[in-house]
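# Topology and contacts: notes
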Amino acid sequence: MSPVEKRSVTIRGHRTSYSLEKPFFDDLVAIAAARNLTLAALVAEVDENRPRDTNLSSALRIHVLAWAKHGRA
């Protein structure tokens, strides 16, 4: 099991953080590369589209899972 690592990002001028296990983070980086996005841009996109009652870390994990299942999220 991979430990959870906390990371920080700036979204629309606001600094925030999320926590992901390394495999989720690695896949998130790969998704950003496949879509020709920066990691920050992908995180901002997921943040913008997530339900307000879902935290950012969970939304990122769901995004990675959806990509793995469907090749997109």
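Structure report, in brief. Everything numeric in this text was worked out from a predicted model, so none of it was measured. For every chain, the first residue of its written sequence is number 1, and the numbers climb from 1 along that sequence. Totals for whole chains, interfaces and linings use all residues, but because this is a predicted model, local features are given only for residues with pLDDT of at least 70 and pairs of side-chain atoms are given and counted only at 80 or more. For side-chain calculations, the full set of non-hydrogen atoms in the structure is used, while hydrogens and water are omitted.

Take helix α2 (residues 39-49) next. Relative accessibility decides the category of a residue: with a 1.4 Å probe and only protein chains considered, values under 20% of the type maximum give buried, values over 50% give exposed, and everything between is partly exposed. Helix and strand assignments come from DSSP, with helices taken as H or I runs of at least 4 residues and strands as E runs of at least 2, each series counted from the N terminus. Among the residues of α2, Leu 42, Val 43, Ala 44, Val 46 and Asp 47 are the ones counted as buried. Here the buried face of α2 lies against β1 (4-11), β2 (14-21), α1 (22-34) and α3 (56-70). The contact rule is simple, with two residues in contact once any of their heavy atoms fall within 4.5 Å.

Another point: the pattern of salt bridges. Salt bridge, as applied in this entry: a Lys or Arg side-chain nitrogen positioned within 4 Å of an Asp or Glu carboxyl oxygen. Under the criterion given, the structure shown has six salt bridges. Between Glu 21 and Arg 61 there is a salt bridge, and its shortest N-O distance comes to 3.0 Å. With Glu 21 in strand β2 and Arg 61 in helix α3, this pair connects stretches of sequence that are 40 residues apart. Arg 61 gets classed as partly exposed once you look at its relative accessible area, which sits at 22%. Put simply, Arg 12, Asp 47 and Arg 50 are held in one network by salt bridges that share partners.

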